[in-house]
Amino acid sequence: YLPQTISNVEVKEGPATVLDFQLHPTVFVPPHNDLLDSTGTPAPATEPPVTVKPEDNHQVQKSFQPEDFRHHHYSDMEIFLRKYNSEYASITYLYSAGKSVDSRELYVMAISDNPTVHEPGEPEFKYIGNMHGNEVVGRELLLNLIEYLCKNYGTDPEVTRLIRTTRIHIMPSMNPDGYEKAHEGDRDGIIGRNNSNNYDLNRNFPDQFFQIMDPPQLETLAVMSWLKNYPFVLSANLHGGTVCLSLTASSNSYCISTLYTLF
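This structure is a prediction, so every number in the text was calculated from the model and none was measured.

A. The packing of helix 1 (residues 74-87) against helix 2 (residues 137-152), seen in detail. Here helix 1 crosses helix 2 at 15°, and the two axes come no closer than 11 Å. Here helix 1 is positioned roughly parallel relative to helix 2, judged by the angle of their axes. Seen along the crossing, helix 1 lies across helix 2 with a hand that is left-handed. Contacts from Tyr74, Met77, Phe80, Leu81 and Tyr84 in helix 1 reach Arg139, Leu143, Ile146, Glu147, Cys150 and Lys151 in helix 2. Residue composition of the contact of helix 1 with helix 2, grouped by class: eight nonpolar, no polar and three charged.

Structural data, given as structure tokens:
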């Protein structure tokens, strides 16, 4: 809901002071399109079939970032995801892969022409961002990717072909608890990097060559279970703060490939 401030409220002795006001929602989410978990049954799509315009006539949504840009805290990210799931119900499926230590949902947006079903022969791809809670660029990039794909479906031939031939699973934040603890100006890059139990999620997965001594965290277990439930063929994990690229296609269900951004 949109915030609202009421000023000059006078509180007198006696009965409680009653204020009558109405909050207005940021975005309307129809009842039939409520958030479903990974085992739920989605409502049938109600949007008409999409017709792709000829390539020489299409107009791509070049400006896909909001004019008033700001980082998305957990509640803002939740509104963002629900908004695009509501507006593009025929190509999006919003679900949760699990919960964080502080019981925040690990949201995933699946984008495809049939987003709730694994179609034989159609590759499954996953993005993960914000594994380190204070590395925030990947989180925003993935939210912008969701917006870009949704807004250009049906008008941009390349985006349309991608969505019709691939199912893309996007987890903008694997460490929502760490993000809420992090703050701008932390030069040491420590606050919010780990999860609420103070474990580095990037070093919490089983390793083929080294024994992991730290106890497995809820976020790690949720992602491992998620990888077992979907036959992903390619992955990317967005980090921030250094220059490195490692994209991996692997049959190892615990493989988390990493893409370090240049920010």
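There's more to say after this.
B. Spotlight on unusual backbone geometry. Backbone geometry places Asn8, a non-glycine residue, at a positive phi of 55°. By the element assignment, Asn8 lies in the segment before helix 1. According to the relative accessible area criterion, Asn8 is exposed, its value standing at 82%. A positive phi angle is found at Asn198, which is not glycine, with a value near 65°.

C. Broad picture of the pattern of salt bridges. As enumerated under the stated definition, the model contains 10 salt bridges in all. Note that Arg167 and Glu124 form a salt bridge whose closest N and O atoms lie 2.9 Å from each other. You can see Arg167 sitting in strand 4 (residues 167-171) and its partner Glu124 sitting in strand 3 (residues 124-129), a full 43 residues away along the chain. For Glu124, a relative accessible area of 0% corresponds to the buried category.

D. Molecular detail of the packing of aromatic side chains. Evaluated as defined, the whole model comprises eight aromatic pairs. The rings of Tyr93, Tyr95, Trp226, Tyr230 and Phe232 are connected pair by pair, giving a single aromatic cluster. Stacked on the ring of Tyr84, the Lys or Arg Lys83 has its end atom at 4.5 Å from the ring centre. Its guanidinium or amino end placed over the ring of Tyr74, Arg104 lies 5.8 Å from that ring's centre, counting from NZ or CZ.

E. Fine view of the pairing of strand 5 (residues 232-239). Counting buried residues in strand 5 gives six out of eight residues, a clear majority hidden from the surface. Summarising the sheet, strand 3 and strand 5 pair through six bridges and their orientation is parallel. Across the sheet, residue Lys126 finds its bridge partner in strand 5, namely Ser235.

F. A look at the environment of Phe232. Note that Phe232 resides in strand 5. Along the primary structure Phe232 and Arg167 are separated by 65 residues, whereas in three dimensions their C-alpha atoms are 9.5 Å apart.

G. A nonpolar patch on the surface, seen in detail. Taken together, the side chains of Tyr1, Ile6, Val9, Val11, Leu19, Phe21 and Leu23 present a nonpolar region at the surface, about 690 Å² in accessible area. Residue position: Tyr1 is located in the segment before helix 1.

H. Local environment of the nonpolar core. Core analysis: the largest hydrophobic core is formed by 23 residues, its most contacted members being Leu81, Met109, Ile111, Ile146 and Ile163. Residues in contact with Ile163, not counting those within four places in the same chain, are Ile91, Ile111, Ser112, Asp113, Leu149 and Tyr153. In terms of nonpolar packing, the next biggest core, distinct from the first, is built from 19 residues, Val108, Met174, Leu201 and Phe205 among them.

About the criteria used
- Residues numbered from 1 in each chain as written.
- Predicted model: local features only at pLDDT ≥ 70, side-chain atom pairs only at ≥ 80, totals over all residues.
- Heavy atoms only, no water.
- Axes fitted to C-alpha atoms, helices over the stretch in contact; angles between N-to-C directions.
- Helix = DSSP H or I, 4+ residues; strand = E, 2+ residues; numbered from the N terminus.
- Parallel < 35°, antiparallel > 145°, perpendicular 65-115°, else oblique.
- Left-handed = near helix turned anticlockwise from the far one by under 90°.
- Contact = heavy atoms within 4.5 Å.
- Nonpolar A, V, L, I, M, F, W, Y, C, P; charged D, E, K, R; others polar.
- Buried < 20%, exposed > 50% of the residue type's maximum accessible area, 1.4 Å probe, protein only.
- Salt bridge = Lys/Arg side-chain N within 4 Å of Asp/Glu carboxyl O.
- Phe/Tyr/Trp six-rings, centres within 6.5 Å; stacked < 30°, edge-to-face > 60°.
- Lys NZ or Arg CZ within 6 Å of the ring centre and 35° of its normal.
- Pairing = 2+ DSSP bridges.
- Patch = residues over 30% accessible without salt bridge, like charges linked within 9 Å, V, L, I, M, F, W, Y side chains within 5 Å.
- Areas by Shrake-Rupley, 256 points an atom, 1.4 Å probe, with all protein chains shown as cover.
- Core = buried A, V, L, I, M, F, W, Y, C linked by side-chain atoms within 4.5 Å.

Note that all results are geometric; they support no functional claim without further evidence.
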